[in-house]
Amino acid sequence: MKRKLFLMMIVIAVVFGVWKMISHIREIIEIRPAKDKVLNIHADLDVAPMPVNERTELAQNPPNIILILADDMGWRDVGYNHSEIRTPVMDHLAARGITLNRFYAQPSCSPTRAALLTGKSPQRLGIYGPLSKNNPAGLPLSEKTLADQLKEAGYQTAMTGKWHLGPLNLDYHPNARGFDHFYGNLTGGVGYYDKVHGGGYDWQRNGQTVREEGYMTRLLADEAIRLIENRDPDKPLFLYVAFGAPHLPNEAPAETIDSYASIKDKNRRLHAAMVTEMDMAIGKIETALGEQGISDNTLIWFMSDNGGLTSKWMAKLPEPLLKIGVESRFKIKSTETFMRFVRTNFRDGGSDNRPFTGGKQNVSEGGVRVPSFLYWPGAISPGQYNYMATVQDVLPTLKEISQIPSQTVTDGVSLWAGLQNNAPAPDRDYLVHASQDAWSDAIYRYPYKLAKKGSEFRLFNVEADPLETQNIASDFPEIVAELSDALSVFPRADSIGLDMQTVVDDPDFFGGKEDREPWADQAYRVE
């Protein structure tokens with residue numbers, strides 16, 4: 001009997017493997033460019049590519065800065081990238097701003113947020129994946145955040161949305177990391193209506209739990225608008241709006257979901273509604289800037305924190321096979337509760353990262369190349385920026401724009417001169433790490449990208465081959481050697497994350513019943 005069961009499991013695994021391979025081949029055939037052509041994925045954009053004109057003179061006073069972060073938004077989840085999802089506000093801002101066509105994040109949320117606020121590689125900081133709700137540590141306290149530095153330069157600083165850089169110790173919370181005001185959640189994904197993460201209610205304002213009804217995306221926009229309206233007009237404003245959308249769970253107002261009745265796939269329909277809700281929220285924020293008369297001297301910078309989450313073929317596996325695979329991959333002892341969490345993540349993703357392969361928690365282009373644009377009507381002209389830009393470049397760029405002297409060493413560089421002159425930024429390596437994928441590391445030395453799995457390497461020219469269809473490692477062994485050496489010697493701190501078994505034993509569910517104190521009430525300070 002055991003032998004029959006074992007043989008049946010092997011047959012099932014083979015069938016699913018073949019099915020996955022056929023699906024992958026079909027996808028590549030549909031989107032692969034001719035070998036002798038460089039793919040121009042922006043060739044038929046409504047806004048034709050144009051050189052970036054020189055900006056007008058900087059306003060005498062530093063600009064207001066609105067930094068907007070989407071959560072798990074894929075490349076083709078925005079209208080201007082040929083999506084069926086309606087995003088008229090983002091399309092409008094991108095068309096009248098600078099679209100960053102080669103903007104790179106990290107493959108998951110906490111690493112991207114750490115890089116965004118420090119300008120440093122998250123590997124250097126010991127942040128290799130999403131931080132669990134029970135994680136006692138967070139963004140290293142030795143780091144001065146973007147908010148810290150802007151505050152020292154005279155900015156008023158505020159944040160609404162998802163923090164995800166240390167939930168338990170008060171010293172790691174936003175109010176202790178440079179933000180005068182914080183409204184939102186400390187952990188990862190929360191329910192859009194119940195505001196629960198991993199059994200604990202997670203919604204607060206400046207350290208105090210706030211029991212509040214309403215749809216999360218709309219509440220964050222309302223708070224952002226209040227902050228804009230009630231700001232000190234004599235000081236510039238830095239407002240970081242970290243939306244939870246369109247991260248799981250798939251939840252949106254009924255009327256917005258119904259407006260996508262033409263989308264037959266349920267996950268995609270819900271995902272589309274969440275993105276459109278975020279687009280409307282951004283529109284309300286932009287309208288508030290206009291009503292306050294500060295649009296021309298306000299820079300809006302939008303980006304996603306990683307590639308989108310897509311449904312995975314493994315979700316169709318029988319429970320015994322899936323459990324064996326998960327336990328083998330992560331070297332853990334699973335539980336029924338954790339397997340339910342795994343299946344939710346494998347099954348419910350509704351994003352679209354095409355034409356790129358891969359997605360969230362993956363070092364392929366679909367996991368790290370994300371939508372991004374800048375909009376600043378008083379200082380930049382519309383255009384397309386087709387050179388490499390990364391999340392680590394945001395801090396040094398904003399500091400230069402705000403005329404703040406550089407006093408900290410960063411892995412990123414300022415893009416400002418390149419944006420002004422439509423030119424590449426200074427050369428720098430960019431590392432990405434996917435803690436849950438066999439191909440766990442990649443290094444960019446543009447236009448080359450080296451991906452690593454154990455002792456195996458793949459080399460791509462992502463400018464000529466953005467779909468990563470042609471592994472050229474055997475053609476350029478010297479480049480492989482150089483990038484492999486750079487990858488191996490890059491400074492890496494010990495991980496601040498919890499061990500995987502601890503996370504497995506108390507999963508980070510998105511939404512659901514409360515079974516413990518609210519997260520803000522559990523917070524403590526280490527003396």
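Further up the page is the structure itself.
The notes below deal with the structure included here. Position labels on residues start from 1 in each chain and follow its written sequence. Per-residue local features are limited, in this predicted model, to residues with pLDDT of at least 70; the limit for side-chain atom pairs, both in listing and counting, is 80 or more; totals at the level of whole chains, interfaces and linings are taken over all residues. The side-chain figures draw on all heavy atoms in the structure; neither hydrogens nor water molecules are used.

The next subject is the nonpolar core. Taken as a class, soluble globular proteins show a tendency for nonpolar side chains to be buried jointly. Residues grouped as a nonpolar core are buried Ala, Val, Leu, Ile, Met, Phe, Trp, Tyr and Cys residues, joined through side-chain atoms within 4.5 Å. Think of it in three bands: residues with accessible area under 20% of the maximum for their type are buried, residues over 50% are exposed, and the middle band is partly exposed, with areas taken using a 1.4 Å probe on protein chains only. Counting residues in each nonpolar core, the largest one holds 65 residues, and the members touching the most others are Leu67, Phe103, Phe238, Tyr240, Trp301 and Met303. Note on contacts: a residue pair is in contact if any heavy atoms of the two residues lie within 4.5 Å. The residues contacting Phe103, other than those within four sequence positions of it, are Trp301, Met303, Val368, Arg369, Val370, Ser372, Ala389, Thr390, Val391 and Val394. Ranked by size, the runner-up nonpolar core spans 51 residues in total, among them Ala158, Tyr260, Val275 and Ala288.

Elements are defined by DSSP. Helices are runs of H or I of four residues or more, strands are runs of E of two residues or more, and each kind is numbered from the N terminus. Looking at the secondary structure, you find Arg231 in the loop between α6 (216–229) and β9 (237–242). On a C-alpha basis, the gap between Arg231 and Ala158 in space is 9.9 Å, while along the polypeptide they are 73 residues apart. Residues contacting Arg231, with those up to four places away along its chain left out, are Gln156, Leu237, Gln292 and Ile294. What qualifies as a polar contact is a pair of N or O atoms within 3.5 Å, subject to a donor-acceptor requirement within protein and to the restriction that residues adjacent in sequence count only when both atoms come from side chains. At 2.9 Å, the side chain of Arg231 and the backbone oxygen of Ile228 are in polar contact. Among the polar contacts listed, one links the side chain of Arg231 to the side chain of Gln292, at a separation of 3.0 Å.

Being paired, for any two strands, means DSSP has found at least two bridges between them. Both strand β15 (residues 448–453) and strand β16 (residues 456–461) contribute to a ladder of six bridges, which runs antiparallel. If you follow Tyr448 over to β16, its bridge partner there is Asn461. Counting the residues in the hairpin turn of β15 and β16 gives two residues, including Gly454, whose phi is positive at 60°.

Spatially, β13-β14-β15-β16 is the arrangement adopted by the four strands of the open sheet, whose pairing is antiparallel. Both outer strands of the open sheet, β13 (430–433) and β16, are each paired with one neighbouring strand and no more. This sheet shows a mean twist of 15° between the axes of neighbouring strands, independent of strand direction. Helix axes are fitted only over the stretch in contact, all axes being lines through C-alpha atoms; the angle between N-to-C directions runs from 0 to 180 degrees. Taken strand by strand, helix α14 (residues 477–489) contacts β13, β14 (441–445), β15 and β16, and its axis lies near 115° from that of β14.

On to the sheet that holds strand β10 (residues 298–304). Spatial strand order, β8-β7-β4-β3-β9-β1-β10-β11-β2-β12: ten strands in an open sheet with mixed pairing. The sheet is open, and its two edges are formed by β8 (208–209) and β12 (383–390), each paired on a single side. With respect to the sheet, helix α2 (residues 88–95) is in contact with β2 (98–104), β10 and β11 (372–375), its orientation differing from that of β11 by roughly 65°. Each of β1 (64–70), β2, β10 and β12 touches helix α12 (residues 394–401); the most contacted strand, β10, lies at about 175° to it.

It is the contact of α6 with helix α8 (residues 266–291), at a shortest axis distance of 9 Å, that shows an interaxial angle of 10°. Classified by the interaxial angle, the pair formed by α6 and α8 is roughly parallel. In contact with Thr217, Arg218, Ala221, Ala224, Ile225 and Ile228 of α6, α8 contributes Glu277, Met278, Ala281, Lys284, Ile285, Ala288 and Leu289. Across the contact of α6 with α8, the residue classes tally to nine nonpolar, one polar and three charged. Any angle between 65 and 115 degrees counts as roughly perpendicular, while under 35 counts as roughly parallel, over 145 as roughly antiparallel, and the rest as oblique. For this scheme, ten residues count as nonpolar: Ala, Val, Leu, Ile, Met, Phe, Trp, Tyr, Cys and Pro. Four count as charged, namely Asp, Glu, Lys and Arg, and the remainder, Gly too, count as polar.

Moving on, we come to the packing of aromatic side chains. Geometry of aromatic contacts follows a simple scheme: Phe, Tyr and Trp rings, the Trp one being its six-membered ring, pair when their centres are within 6.5 Å, and the pair is stacked under 30 degrees between planes, edge-to-face over 60, tilted otherwise. Throughout the structure, instances matching the rule amount to 17 aromatic pairs. Taken together, the aromatic side chains of Trp163, Phe179, Phe238 and Tyr240 make up a single cluster linked through ring pairs. Taking the ring centre of Tyr260 as reference, the NZ or CZ of Arg86 above it sits at 4.1 Å. Positioned over the ring face of Tyr201 is Arg211, at 4.0 Å from the centre of the ring. Working rule: Lys NZ or Arg CZ, within 6 Å of ring centre, within 35 degrees of ring normal, means a charge sits over the ring.

This next bit is on unusual backbone geometry. Cis geometry marks the peptide bond from Ala245 to Pro246, where omega comes out at 0°. Take Pro246: it is sitting in the loop between β9 and α7 (254–258). In this model, His164 sits at a positive phi of 60°, which is unusual for a non-glycine residue. Phi at Asn422 takes a positive value of approximately 50°, unusual for a residue other than glycine. Inspection of the secondary structure puts Asn422 in the loop between α13 (416–421) and β13. On the basis of relative accessibility, which here comes to 23%, the residue Asn422 falls in the partly exposed class.

In a structure, side chains of opposite charge can pair up when their charged atoms sit close to one another. Any carboxyl oxygen of Asp or Glu within 4 Å of a side-chain nitrogen of Lys or Arg constitutes a salt bridge here. Within this structure, the stated rule accounts for 29 salt bridges. Between Arg211 and Glu514 there is a salt bridge, and its shortest N-O distance comes to 2.9 Å. Taken together, the positions of Arg211 in the loop between β8 and α6 and Glu514 in the loop between α15 (500–505) and α16 (519–522) put the pair 303 residues apart, joining distant regions of the chain. Salt-bridge contacts for Glu277 lead to Arg218; the nearest nitrogen and oxygen are separated by 2.8 Å. On the criterion of sequence distance, the pair formed by Glu277 in helix α8 and Arg218 in helix α6 is long-range, its members being 59 residues apart. Using a relative accessible area of 2% as the deciding quantity, one classes Glu277 as buried. Taking the relative accessible area as the measure of exposure, Arg218 reaches 31% and is therefore partly exposed. Through salt bridges with shared partners, a single network forms among Lys133, Asp506, Asp508, Asp515 and Arg516.

Our focus in this paragraph is α14. Its 13 residues give α14 an end-to-end C-alpha distance of 18 Å, which sits within 8% of 18 Å, the value for a rise of 1.5 Å per residue. Along α14, the residues that are buried comprise Ile479, Val480, Leu483, Ser484, Ala486 and Leu487. All buried residues of α14 project into a common sector of 160° when viewed along the axis, lining one side. For α14, the exposed residues lying more than 90 degrees away from the buried face are Ser488 and Val489. A helix is expected to span 1.5 Å for every residue after the first. Arc, as used here, means the arc of the directions from the helix axis to the C-beta atoms.

Right, let's get into the layout of surface pockets. Cavities and pockets were defined on a 1 Å grid built over protein atoms only: a cavity is a set of grid points that admits a 1.4 Å probe from which the probe cannot escape, a pocket is an open set flanked by protein on both sides within 12 Å along at least five of seven lines, and lining residues are those with an atom within 4 Å of any such point. Grid points are joined across faces, edges and corners, and a volume is the space filled by probe spheres set on the points. Considering only enclosed or pocket space, the second largest pocket measures out at about 250 Å³ in volume. As for the second largest pocket, its lining consists of 17 residues, of which Gly198, Gly199, Phe509, Gly511 and Lys513 are closest to the centre. Within the lining of the second largest pocket, the residues separate by chemical class into four nonpolar, five polar and eight charged.

Here we come to the side chain of Thr118. Within the element layout of this structure, Thr118 appears in helix α3 (residues 109–118). Looking at Thr118, the relative accessible area reads 3%, which means it is buried. Polar side-chain contacts of Thr118 include one of 2.7 Å to the backbone oxygen of Ala114. Apart from the residues within four sequence positions on either side, Thr118 is in contact with Leu125, Leu139, Glu143, Leu395 and Thr410.

The buried count for α12 comes to seven of eight residues, which makes it a mostly enclosed element. Inspection of α12 places Val394, Leu395, Pro396, Thr397, Leu398, Lys399 and Ile401 among the buried residues, and these make up the whole buried set. Phi for Gln403, located one or two positions after α12, is positive at around 60°.

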